[in-house]
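Structural overview for review
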Amino acid sequence: MGKKADPEKGAISAQLAKLYQALDETDVLRGLFEKEIAKHELTKQALEAELRKDYMEALRIYDKATKELDDGALSGAMNPTVQEAEHWENARLECFRHLTRWNDLADNTLAEIDNDTSKLWQDKFTEPYLKYFLESHTKLKERWPDLWDFIDATTGERKEFLEHRFKSELAFIALTRNDFDRSRFYLRSLFENFLGEWSKLHTFDFQGRHLKLQSLQTAVELEEFLEFVGNETNFSNLKNVENFLKNWKNRWPSYKDDEILVWDNVTTNRAILLEKINERYMKYYNQSNEMDVDGKMSLNDLKSTLIEERAEIYKEMATGARKQGNYFVADNYLKLCLKAKAKKKEFVFSFFHSLVKLFCLKARATTGNVNNLPDSLDKFVKALKFVDGKKDEVEIHEVLNNKRRYLLMKGSIFEELARLAPGNPDVAVQVVNVNKISELAEFSAKSLLSEFSLRAFESYSESCVACETDDEGPTGISPRSTANTFLKFALFCDTLLKQKDSKKPEMMLHSN
């Protein structure tokens, strides 16, 4: 298939691809590959997965393609063109980026250059491996020393190239070395460059303007940090740092318009800034003659505040990734969030709700394939067990809105089980027994199906009761939330009635 391609046209397309890759025009690049380079069926499947933003599936296909190519399994008509084979390798690295698998990106980048960073300056490696090297190493604290060595060894025209092309990265790298003056220098250069490029953009070039603004947020927040730590009076009161952190609350990227890499840049940048704030406070109090009991208490309060803020940052990142359908990234950041919260050993309903919601979305994503039915049932039963284990938490009982949301979650899980179980009732019974759900273990396959529906009905009904008993106090439930709760219950009841009319017994309610 690939051998019949016009070699001259393929070479031109490959050069265009390199140009658009250097310009970070990913949409144009993907379109070019889809139209001019993608001849192999595996390439088309992977590109389709990327368009769905299913980077795990795209990575699986690219891994399969490169493995088969290395094993010699692709020959004759199945043999890809040189350009297509190169695309498989580079696309794998792009998948690592979109999955924020920075260690994998770093390792694969170093493998391509034989662990010799001097090769990054060779024409065939500069694009895209220099960018991958800088990006992956700035994200990983344990790799900073290697990054510093590379920067220190770069001189002359190469240094000028870095300073022209990677101003934002160099400002951040200077921050990691506590070289705040150099960081300010690169930021000034970045802002001057931004204004020059912005003035050249057409008024109606909305996409171009949006892409330019995406790169600006981390730079602005870094500049604000440098101004904050540059004034030592800010270290005298914990309230100052709390006010500084408030600026971040309403400054998150859009999950609709900004890709996951923009979110990750903001999150990583803020996490490092929190560490640097702690370092500066420690330095201030160690040098101060006022290190009394009150000072020690301030440091403890500061540490608690920063841990809380870091957990919130990871939670927002997980939410953004979940809304984009990037469940792998959402799962990773939610784990980091819960790890931070675990240090305080407290139950926080918002984090619990996010975790269950993500778990159910991952389970629901596999329900389209009949072969995945046992796995889907198992995931929902595990979610049910986890949710049921938190039923006695005070924050659920004492806050009516939390109780309402908890009951809706539980009802939704039972509803999913009632929908999936008829496809294989024996598997449903087996999954319930394996996960040791004692209150459901006594039911037969037939009665278990109606029990799922009954439990869903009861949970939805109780969530409506929670809305009706709301006293409009501090834990009050908004009218919109109340309406959504009753609508959810009504839609479920409508489904039951349709099942009854169609004489399908699986979701019909029966008393036992």
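Residues numbered from 1 in each chain as written. Predicted model: local features only at pLDDT ≥ 70, side-chain atom pairs only at ≥ 80, totals over all residues. Heavy atoms only, no water.

1. Observations regarding the overall build of the protein
- When you go through the protein residue by residue, the secondary structure sums to 25 helices and zero strands.
- A fraction of 65% describes how many contacts in the protein between residues 6 or more apart in sequence connect residues 24 or more apart.
- A total of about 26,800 Å² of accessible surface is found on the protein, and carbon and sulfur atoms cover 50% of it. (Helix = DSSP H or I, 4+ residues; strand = E, 2+ residues; numbered from the N terminus. Contact = heavy atoms within 4.5 Å. Areas by Shrake-Rupley, 256 points an atom, 1.4 Å probe, with all protein chains shown as cover.)

2. Some thoughts on the pattern of salt bridges
- Evaluation of the coordinates by the stated rule reveals 32 salt bridges.
- Across the pair Asp 378 and Lys 382 runs a salt bridge whose closest N-O atoms are separated by 2.7 Å. Taken together, the residues span about one helical turn, with Asp 378 and Lys 382 both in helix α19 (residues 373-388) at a distance of four residues.
- By relative accessible area, Lys 382 is classed as partly exposed at 37%. (Salt bridge = Lys/Arg side-chain N within 4 Å of Asp/Glu carboxyl O. Buried < 20%, exposed > 50% of the residue type's maximum accessible area, 1.4 Å probe, protein only.)

3. Description of the side chain of Glu 221
- As for its placement among the helices and strands, Glu 221 is situated in helix α13 (residues 216-229).
- Residue contacts for Glu 221: discarding those within four places in its chain leaves Trp 248, Arg 251, Val 266, Asn 269, Arg 270 and Leu 273.

4. So, the nonpolar core
- Core analysis: the biggest nonpolar cluster contains 92 residues, and Leu 134, Phe 150, Leu 162, Phe 225 and Tyr 281 have the highest contact counts within it.
- Counting residues per element, this core draws most heavily on helix α15 (residues 260-287), which supplies 11 residues.
- If we ignore the near neighbours within four places in the chain, the residues touching Phe 225 are Leu 175, Phe 180, Phe 244, Leu 273, Lys 276 and Ile 277.
- Listed in part, the 41 residues of the second largest apolar core include Val 356, Tyr 406, Ile 413 and Phe 443. (Core = buried A, V, L, I, M, F, W, Y, C linked by side-chain atoms within 4.5 Å.)

5. Some remarks on the confidence of the model for the protein
- Summing up the model confidence of the protein, the mean pLDDT is 85 and the portion of residues at 70 or higher is 85%.
- Of the regions scoring below 50 in pLDDT, residues 1-5 engages in 10 contacts with residues more than four places distant in sequence or in other chains. (pLDDT = per-residue confidence, 0-100.)

6. A short note on helix α22 (residues 425-434)
- Residues Val 427, Ala 428, Val 429, Val 431 and Val 432 constitute the buried set of α22.
- Positive backbone phi, at 55 degrees, marks Lys 436, one or two positions downstream of α22.

7. Some words on the state of the cysteines
- Per the counting criterion, the structure on display carries zero disulfides.
- Looking at Cys 493, it has no disulfide partner, and the nearest cysteine sulfur is the one in Cys 464, 8.3 Å off. (Disulfide = S-S within 2.5 Å.)

8. Section: the packing of helix α11 (residues 180-200) against α13
- It is the contact of α11 with α13, at a shortest axis distance of 10 Å, that shows an interaxial angle of 140 degrees. In terms of their interaxial angle, α11 and α13 are classed as oblique. Handedness of the crossing formed by α11 with α13: left-handed. Of α13, the residues touching α11 (which contributes Phe 180, Ser 183, Arg 184, Leu 187, Leu 190, Phe 191 and Phe 194) are Leu 216, Ala 219, Val 220, Leu 222, Glu 223, Phe 225, Leu 226 and Val 229. (Axes fitted to C-alpha atoms, helices over the stretch in contact; angles between N-to-C directions. Parallel < 35°, antiparallel > 145°, perpendicular 65-115°, else oblique. Left-handed = near helix turned anticlockwise from the far one by under 90°.)

9. Quick look at the packing of helix α7 (residues 123-139) against helix α9 (residues 156-165)
- Where α7 contacts α9, the two axes come as close as 13 Å, and the packing angle between them is 70 degrees. In terms of orientation, α7 lies roughly perpendicular with respect to α9. Where α7 abuts α9, its residues Thr 126, Glu 127, Leu 130 and Leu 134 lie against Phe 161, Leu 162 and Arg 165.
- Taken together, the residues of the contact of α7 with α9 sort by class into four nonpolar, one polar and two charged. (Nonpolar A, V, L, I, M, F, W, Y, C, P; charged D, E, K, R; others polar.)

10. Overview of α11
- Over its 21 residues, α11 runs 31 Å from end to end, which matches the ideal 30 Å to within 8%, given 1.5 Å per residue.
- If you check which residues of α11 are buried, you get Phe 180, Ser 183, Tyr 186, Leu 187, Leu 190, Phe 191 and Phe 194. The arc enclosing the buried residues of α11, seen along the axis, measures out at 145 degrees, which places them on a common side. Residues Asp 181, Glu 192, Leu 195, Ser 199 and Lys 200 are exposed on α11 and point more than 90 degrees away from its buried face. (Expected span 1.5 Å × (residues − 1). Arc of directions from axis to C-beta.)

11. What about the side chain of His 137?
- Its location among the elements puts His 137 in helix α7.
- Assessed through its relative accessible area of 1%, His 137 is described here as buried.
- Leave out the neighbours within four places in its chain, and His 137 touches Ala 106, Leu 110, Arg 143, Trp 144, Asp 146 and Leu 147.

12. A few points about unusual backbone geometry
- Following Glu 127, the chain continues to Pro 128 via a peptide bond in cis, the omega torsion being 0 degrees.
- With respect to the helices, strands and loops of the structure, Pro 128 is situated in helix α7.
- Although it is not a glycine, Asn 115 sits at a positive phi angle of roughly 60 degrees.
- The residue Asn 115 is located in the loop between α6 (102-112) and α7 in this model.
- Asn 115 sits in the exposed class, given a relative accessible area of 60%.

13. Focus: the packing of aromatic side chains
- Inspection of every chain in the model, using the stated rule, returns 22 aromatic pairs.
- Centroid distance Phe 349 to Phe 352: 5.8 Å. Interplanar angle 55 degrees. Geometry classified as tilted. With a gap of three residues between them, Phe 349 and Phe 352 both fall in helix α18 (residues 349-364), about one helical turn apart. Phe 352 matches Phe 349 in its accessibility class, with the two residues each being buried.
- Three or more aromatic residues joined by ring pairs form one cluster here, namely Trp 121, Phe 133, Phe 150, Phe 161 and Phe 166.
- The ring centre of Phe 351 lies 6.0 Å from the NZ or CZ of Lys 315, which sits over that ring. (Phe/Tyr/Trp six-rings, centres within 6.5 Å; stacked < 30°, edge-to-face > 60°. Lys NZ or Arg CZ within 6 Å of the ring centre and 35° of its normal.)

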